[in-house]
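What follows is the residue order along each chain.
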Amino acid sequence: MTEKLTASDVPSANLAPREAQALREQFQKLYGEEARIFRAPGRVNLIGEHTDYNEGFVMPVAMDLYTWVAAAPRQDPRVHVYSQNVSEHAEMDLQNPNLRLQGHWSAYVLGVAASLRMSGAEIGGANLLVAGKVPMGAGLSSSASVEVAAGYALLESSGLSRSPVELAKICQRAENEFAGARCGIMDQMIACCGRANYALLLDCRTLGFRLLPLFPDAQFVVCNSMVKHDHAAGEYNARRADCETATRILAQQLPGVRALRDVSLADLERFAKLLPAVVYRRSRHVISENARVLDARAALERGDPESFGRLMRASHRSLQEDYEVSSAELDLLVEIAGGIAGVHGSRMTGGGFGGCTISLVRSEVVGEFRSAVARGYERATGRQPDIYIVRASDGVREALE
Ligand code: GLA
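Residues numbered from 1 in each chain as written. Predicted model: local features only at pLDDT ≥ 70, side-chain atom pairs only at ≥ 80, totals over all residues. Heavy atoms only, no water.

A word on the nonpolar core
Okay, step 1: Among the nonpolar cores identified, the biggest contains 48 residues, and Val81, Leu116, Leu128, Val148 and Leu154 are the most heavily contacted of them.
Okay, step 2: In terms of residues, this core owes the most to one element, helix 3 (residues 142-157), which gives seven residues.
Okay, step 3: Counting 31 residues, the second largest nonpolar core, distinct from the first, contains Ile47, Leu201, Phe220 and Leu360. (Core = buried A, V, L, I, M, F, W, Y, C linked by side-chain atoms within 4.5 Å. Buried < 20%, exposed > 50% of the residue type's maximum accessible area, 1.4 Å probe, protein only. Helix = DSSP H or I, 4+ residues; strand = E, 2+ residues; numbered from the N terminus.)

What follows is the structure, given as structure tokens:
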């Protein structure tokens, strides 16, 4: 029997028309004027972890959890922003951008305004109200959704437009330079280019992408461990540095190597002795993960969820043992999922050190999967995991009624 998914399976974070109206009213109260409303999605990555900054391949999906931005132009060249999440106001003069935003929530909005100007987009002043409904610290890319929603709103308010790929690059630059995180391009690209019902196979070197339809009879399900470890950002940057070390050493042996994307497993083995042991293992993850993404694409295209699931399991092991970015909670969620009949595969997703797992589950057992994971995880940790059935959604756009 196929269990029918009900409205309660849709994450409640979706903004219903009533809530859109509440956002408009709050904007009216704050700024005394009408607003247009924009939204950008969070994301979950199906496979291809820590490959984006190695110019490799990733396969994210935009989720139906959004950051909403209400916006109206201002006469002066200032950006004012109020965040519903932190109940705080911040502002910036576009002609004299305050670039010391690092560590502050407003970096994700004002940094984008500064980055837009640096890219040559002559945006004007704007009033903004931000309501983030992508869970923070869950590895579902709340920050990129804020950046992209704000960037799009600022462009639209000024009567300007940029291609989705350009906007993604502008937002990534804001995160790298103003928010201080050395993230790759995956999260901003999917928030800009996502499409309902499709996953995105993205080549992070060329930024070319292909939309892939999802499995008709299996669902991707996200389980949030509800834990985020503090050292995540530092460890992320350390992994990037290891990859840069590997590239530097291997490029001396192999002309034409610009990134780990260019190295085969055979070449890695050939020059393994030149690399520190940890750097070798980090490289093995990246190189094997890139191959897994391409195999996963083939599995998706031929409608083979079993093979896709096998690749997910291998990806998790590699992230756990070679890249060392998993956590006890993520391993536990993957282990619980692995013991449930009808689960093709499961892995941690996102940067790691907490956050979420993603599992590929036969459609008719999704209900049982939810209760078994919730029960097992709560029994072992005392925490109730949030569980979302992934509905692949569209990238950034204006929310029209
Ligand atoms: C974070 C970063 C992405 C990517 C993933 C790991 O989400 O923002 O750019 O590197 O981690 O795949």
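Thoughts on the state of the cysteines
Okay, step 1: Counted under the stated rule, the structure contains zero disulfides.
Okay, step 2: With no disulfide of its own, Cys171 lies closest to Cys192 among cysteine sulfurs, the gap being 5.7 Å.
Okay, step 3: Given the relative accessible area of 0%, Cys171 is considered buried.
Okay, step 4: With no disulfide of its own, Cys192 lies closest to Cys193 among cysteine sulfurs, the gap being 5.7 Å. (Disulfide = S-S within 2.5 Å.)

Describing the pattern of salt bridges
It is possible for side chains of opposite charge to pair when their charged atoms get near one another.
Okay, step 1: Tallying each qualifying case throughout the model produces 25 salt bridges.
Okay, step 2: Put simply, Arg173 and Glu177 hold a salt bridge, and the shortest N to O gap is 3.2 Å. With Arg173 and Glu177 both in helix 4 (residues 164-179) and four residues apart, the pair spans about one turn of that helix.
Okay, step 3: Overall, Arg173 belongs to the partly exposed group, its relative accessible area being 33%.
Okay, step 4: By relative accessible area, which is 41% here, Glu177 ends up partly exposed.
Okay, step 5: One salt bridge in this structure joins Asp304 and Arg302, with 2.9 Å as the shortest N-O distance.
Okay, step 6: Through salt bridges with shared partners, a single ionic network connects Glu49, Glu289, Arg292 and Arg347. (Salt bridge = Lys/Arg side-chain N within 4 Å of Asp/Glu carboxyl O.)

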